[in-house]
Every structure is written in structure tokens, then in C-alpha cells.
Amino acid sequence: MPLLVMKFGGTSVADLSRIKNAAEKVKREVARGYDVIVIVSAMSGKTNELVGWVEQTSPLYDAREYDAVVASGENVTAGLMALTLQEMDVPARSWQGWQVPINTTSQHAAARFMSIPRDNIDAKFAEGFKVAVVAGFQGLSHEGRVTTLGRGGSDTTAVAFAAAFAAERCDIYTDVDGIYTTDPRISPKARKLDKIAFEEMLELASLGAKVLQTRSVELAMRYKVRLRVLSSFEDTDDNSGTLVCDEDEIMESKVVSGVAYSRDEAKLTLVTVEDRPGVASAIFGPLSEAGVNVDMIVQNISEKDYDEAHPGAVTDMTFSCPVNQVARAKKAMEDARSAGKINYEDLVVDTDVAKISVVGIGMRSHAGVAARMFEALAAENINIKVISTSEIKISVLIDRKYMELAVQALHDAFELEKVA
Ligand code: ADP
Ligand code: ASP
Ligand code: MG
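Residues numbered from 1 in each chain as written. Chains lettered and ligands numbered in written order. Predicted model: local features only at pLDDT ≥ 70, side-chain atom pairs only at ≥ 80, totals over all residues. Heavy atoms only, no water.

### As for the pairing of strand β12 (residues 242–245)
Here is step 1: Of the two faces of β12, both are covered, the one formed by Thr242 and Val244 as well as the one formed by Leu243 and Cys245.
Here is step 2: Across three bridges, strand β10 (residues 195–197) lies against β12 in parallel orientation. Looking across to β12, one finds that isoleucine 196 is bridged to valine 244.
Here is step 3: Here strand β11 (residues 227–231) runs beside β12; their pairing, made up of three bridges, is antiparallel. Bridge pairing in β12 links arginine 228 to leucine 243. (Buried < 20%, exposed > 50% of the residue type's maximum accessible area, 1.4 Å probe, protein only. Helix = DSSP H or I, 4+ residues; strand = E, 2+ residues; numbered from the N terminus. Pairing = 2+ DSSP bridges.)

Have a look at this one:
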């Protein structure tokens, strides 16, 4: 039997009538002759509520218990989806991660797939079941504990199942009708793309475009999964939505193809750390051990280097991380200072920043993108706090209050509303 993976995100299963709407899409594919693996997210808002409860109970929580709590949202929708399909005379069975079992690493809240044995689900298909409804976002560690894959992780569950079961395609049903040049909720001029290259989507996702979890794009690229994003609210067919595919399948040739933003960033500066070998490792080692995901890093010679009061060579070290990891980062730095591993005068935290990025594989062979980007931001009087670049992207940190304005200004500056 040909097999499809269909994933429904939070807004697509937000209540019973939406679950029914999603189930109808599944039933249609079954009627066309497919076996279907359905991956479901928790109802929209549920995971945030569960995370909130964990944080209120224990600010520096034990990640094993965080996972025990937040994985539960998907269990509810998996069962409800199976029941809804049964009511429509579609033979369906639900699966929690441990029942498959979806084997993952034991990095709680950020686990990675190890293996997805097919036997149990294949046996159910052989019994005549047409649909396996799998709870997204969760897995099982080799210690036998429930794990989760990081926010947005159901996308990755979907791609991993598509790879494991050699699915014809992995369809990600969501609340927009495809992948756009930027978030259509931020820029009314955003344009839907028919196709986007894996590399570009990977970059956009890792820079904040939450339409797909980064890891899902990585897996799709590695295992050559045909990955498509489309609307769960509209009528769709085999040509709907946006296909994520290899670069050489794409006709459009823009230097910049998308703008991404990440709202929840924080900038931290360690003022006057010693400028000597080993300092960076003494700072970023403890941060990594504390589970802080450091993103941008800037080291700049402090003005105080030239003070009489500070004769030794000193530097300021600035880094960014997700805003909800600031408490962990501060504690890691304070502990490292108390233990005599680092020394600094002050730790300045700015929690009101956002990261804006432009992405495009065309940047590999075109100069001048940075200049055009900085010019567009300057024209709006937006100050840049930190800059970082790689082969196919440029990112800046700015005041969060200018985030939307910056996205729109960059979308205009690179004429993304026009087809190349
Ligand atoms: P789901 O709950 O279905 O997983 P998400 O909220 O995780 O949905 O992802 C879909 C959202 O991603 C859209 O509602 C949109 O606001 C946002 N988004 C960000 N960047 C883009 C983009 N470039 N194209 C489409 N959607 C985007
Ligand atoms: N429910 C999880 C989240 O909100 C996983 C997902 O929806 O992909 O992050
Ligand atoms: Mg999502």
C-alpha cells in the first residue's frame, strides 16, 4: 500500500470540530488508496499552558518532569483523532511515543530520534487498520522515560515517520496555506512560494520562521523526504501549498528569498572579562552545561582596557540566547564567578531585543546584501546592536519594538513581493 504522512498542528486540532475537519482530509486520502500515518500536535495553546504550569511550580525545573507534563497534550489529540476517524468508519488506532516505540536520546526537552521500529504499526496495518494516529513531539529515552523534541517538534515527528515508513510524501497541514517570503502575519506583502530549497528553509527555520521546526527540515533533507506545507482550512489537492525540495528543482533565482524574525531573544554582556586564552571556554562551557542555547557572540575590547584602574587587558563579551534562558545563563555566570573560573565587573542583560535575518542561497555568489540590509534599517532609523553573518544569511539584533517595521522594510528593500 502507498503510504502518506499527514501532520496537523495545534490550530488544526484546536477543538472537536477542527479535529473532525482534519479527519475528513485523512478519510479522503484513505479513500484514494493510501495507508496514512497521522501525526498530531496538542490543541493550540495547550503546550503553552502546560509549560506555564511547570515554570510556576519549579522555575529551574527538572527537565524529566517538564517532559512528563508537556508531552501529555499530544496524547489527548491522538486519542480524539482516532475516535473521530472510527466514528467516520475509518479503522484507526492511536499511538503514544512509548507504544511505537519512538526511541530518542535522553536530552530532555530537546531529544533527538534514535530509531523508529516499524513492526508494531505495520502489524496493525496488516490487521486492516488504515490509519495510525501518532502523538507528535514525544518519544522514549533508553532510561524508559518520556522525552520531548523541543517546541514545534511534531513537524520533526512527521518527517521522521515519513523517512522510517518510506512515505510517498509528508504533508504538514497548518494555519497558513504554505511557506511565504516572510511571516504573512507580520507583512501583508508576504508572497507564497510554490517551492523552497531545503537549505533556505533550514536557515529560515533556525532563524525563527516557526512554520517548520528546524530539525524537521534537516531530516527531510538527509532522508530525501518530499515535504510539503499546506492549509488545513482550505480545500487542498496534490498541487497545493509549498514543496520543500532540492535547489535544482527551483526556477526562481533571487539573491534573498526570505526574511525571518525571532521575537524572544535576549542580549547579555559580561563587562570587563580578562582578555587571555581560555576565557571564552570558561564562559561558554558553563553556559552549555546549564543548557543555555547561545546564538550570537561578540567579543570587543572594552574602553576600560585603557583605564588606569584596569591595567590588564580586558574585554567585553556579548552573547544572545532565548529570553526564557536568561535566568539559567545568569546563574551559570554567577556560579562560575563564585568558583573563581571567570571574573567580570557586571552582567548587563537586555531582554527587549529581536533578531531579524535575511536568507538566500543567492548570497553565496552576490556581494552587497549586507550594505543593502543596513541601508534599509538605517532609513527607518533602526539601530543595530549585534550583527552576524554566514554563507547564506545575515542577522541583526535590534530593539524588539522595531521588529515588525524592520521585517517590512527588508521585505520591501529586497523586493520579495515580486516573482524573480
Ligand atoms: P502549527 O501549530 O500548525 O505547527 P505554527 O504556528 O507552528 O503552526 O506555524 C505556522 C505559523 O508559522 C504561521 O501561522 C505563521 O504565522 C508562521 N510563519 C513564520 N514564518 C512563516 C513563513 N515564512 N511562511 C509561513 N508561515 C510562517
Ligand atoms: N505541541 C508542541 C508545541 O507546541 C509541539 C508541536 O506543536 O509541534 O511546541
Ligand atoms: Mg508548529
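Past the structure itself, the notes keep going.
### Here we look at the site of ligand 2
Here is step 1: Around ligand 2, the structure places Ser41, Ala42, Thr47, Glu74, Phe137, Arg151, Gly152, Gly153 and Ser154.
Here is step 2: A distance of 2.9 Å is found between an oxygen atom of ligand 2 and a side-chain nitrogen or oxygen belonging to serine 41.
Here is step 3: Here an oxygen atom of ligand 2 and a side-chain polar atom of arginine 151 are 2.6 Å apart.
Here is step 4: Here ligand 2, which alone exposes 260 Å², has 86% of that area covered by the protein.
Here is step 5: Counted by class, the shell around ligand 2 contains two nonpolar, five polar and two charged residues. (Near = heavy atom within 4 Å. Polar contact = N/O pair within 3.5 Å; in protein donor to acceptor, adjacent residues only side chain to side chain. Areas by Shrake-Rupley, 256 points an atom, 1.4 Å probe, with all protein chains shown as cover. Nonpolar A, V, L, I, M, F, W, Y, C, P; charged D, E, K, R; others polar.)

### Thoughts on the nonpolar core
Here is step 1: By size, the foremost hydrophobic cluster in this structure holds 43 residues, and its most contacted members are Val5, Ile37, Ile121, Phe161, Cys170, Met201 and Leu212.
Here is step 2: Those residues in contact with isoleucine 37 that lie beyond four places of it in its chain are Leu3, Leu4, Val5, Met6, Phe125, Ala132, Val134, Phe161 and Phe165. (Core = buried A, V, L, I, M, F, W, Y, C linked by side-chain atoms within 4.5 Å. Contact = heavy atoms within 4.5 Å.)

### Observations concerning the packing of helix α3 (residues 63–70) against helix α4 (residues 72–87)
Here is step 1: At a closest axis distance of 5 Å, the pairing of α3 and α4 adopts a crossing angle of 25 degrees. If you check the angle between α3 and α4, you find them roughly parallel. Of the residues in α4, those in contact with Ala68, Val69 and Val70 of α3 are Ser72, Gly73 and Glu74.
Here is step 2: Taken together, the residues of the contact of α3 with α4 sort by class into three nonpolar, two polar and one charged. (Axes fitted to C-alpha atoms, helices over the stretch in contact; angles between N-to-C directions. Parallel < 35°, antiparallel > 145°, perpendicular 65-115°, else oblique.)

### Digging into the packing of helix α1 (residues 16–31) against α4
Here is step 1: Remark: α1 packs on α4, axes separated minimally by 9 Å, with the N-to-C direction vectors making an angle of 60 degrees. One element, α1, and the other, α4, form an angle in the oblique class. When the axes of α1 and α4 are compared, the crossing they make is right-handed. Contacts between α1 and α4 involve Leu16, Ile19, Lys20, Ala22, Ala23 and Val26 from the first element and Thr77, Leu80, Met81, Thr84 and Leu85 from the second. (Left-handed = near helix turned anticlockwise from the far one by under 90°.)

### Points about the packing of aromatic side chains
Here is step 1: Tallied over the full model, the rule gives four aromatic pairs.
Here is step 2: Here the aromatic rings of tyrosine 61 and tyrosine 66 are separated by 5.0 Å at their centres, their planes lie at 20 degrees, and the arrangement is stacked.
Here is step 3: Their ring planes at 80 degrees and their centres at 5.7 Å tell us that phenylalanine 284 and phenylalanine 319 sit as a pair that is edge-to-face. Taken as a pair, phenylalanine 284 in helix α9 (residues 279–289) and phenylalanine 319 in strand β15 (residues 314–322) lie far apart in primary sequence, 35 residues in all.
Here is step 4: The class for phenylalanine 319 is buried, based on a relative accessible area of 1%.
Here is step 5: Lying over the aromatic face of tyrosine 61, arginine 328 brings its terminal NZ or CZ to 5.3 Å of the ring centre.
Here is step 6: Above the face of the tyrosine 344 ring, arginine 337 is positioned so that its terminal group lies 4.1 Å from the ring centre. (Phe/Tyr/Trp six-rings, centres within 6.5 Å; stacked < 30°, edge-to-face > 60°. Lys NZ or Arg CZ within 6 Å of the ring centre and 35° of its normal.)

### Focus on the environment of alanine 158
Here is step 1: Along the chain, alanine 158 falls in helix α6 (residues 154–164).
Here is step 2: With residues near it in sequence (within four places) discarded, alanine 158 still touches Val5, Lys7, Ile39, Cys170 and Ile172.

### A closer look at the site of ligand 1
Here is step 1: Near ligand 1 lie 16 residues; those nearest to it are Thr174, Asp175, Tyr180, Asp183 and Arg185.
Here is step 2: Starting from 570 Å² of accessible surface for ligand 1 in isolation, the protein chains cover 89%.
Here is step 3: Among the residues making up the shell around ligand 1, the classes are represented as six nonpolar, five polar and five charged.

### Looking at the environment of threonine 236
Here is step 1: Along the chain, threonine 236 falls in the loop between β11 and β12.
Here is step 2: Setting aside residues up to four positions removed in sequence, threonine 236 forms contacts with Lys25, Tyr173, Leu230 and Ser231.
Here is step 3: A polar contact of 3.0 Å, which involves the side chain of threonine 236, links it to the side chain of lysine 25.

### Observations regarding the sheet that holds β11
Here is step 1: Pairing is mixed across the open sheet formed by eight strands, whose spatial order is β3-β6-β2-β1-β9-β11-β12-β10. Bordering the open sheet on either side are β3 (92–95) and β10, each of which pairs with just one other strand. Pairwise comparison of adjacent strand axes, ignoring direction, gives a mean angle of 20 degrees for this sheet.
Here is step 2: Relative to strand β2 (residues 35–40), strand β1 (residues 3–8) is paired through six bridges, and the arrangement is parallel. Bridging across to β2, lysine 7 finds its partner in isoleucine 39.
Here is step 3: Its contacts with the sheet put α1 on β1, β2, β6 (131–135), β9 (169–174) and β11, and the angle it makes with β1 is roughly 175 degrees.

### Here we look at unusual backbone geometry
Here is step 1: Omega for the bond connecting valine 100 with proline 101 falls within 30 degrees of zero, at -10 degrees, which places this linkage in the cis form.
Here is step 2: Inspection of the secondary structure assignment puts proline 101 in the loop between β3 and β4 (103–104).
Here is step 3: If you check the backbone angles, threonine 272 has positive phi at about 50 degrees while not being a glycine.
Here is step 4: As for its position among the elements, threonine 272 is in strand β13 (residues 258–274).

### Some details on the pairing of β11
Here is step 1: Across the five residues of β11, five count as buried, placing the element largely inside the fold.
Here is step 2: Pairing of β9 with β11 involves five bridges; the strand directions are parallel. Residue pairing for β11: isoleucine 172 is matched across the bridge by valine 229.

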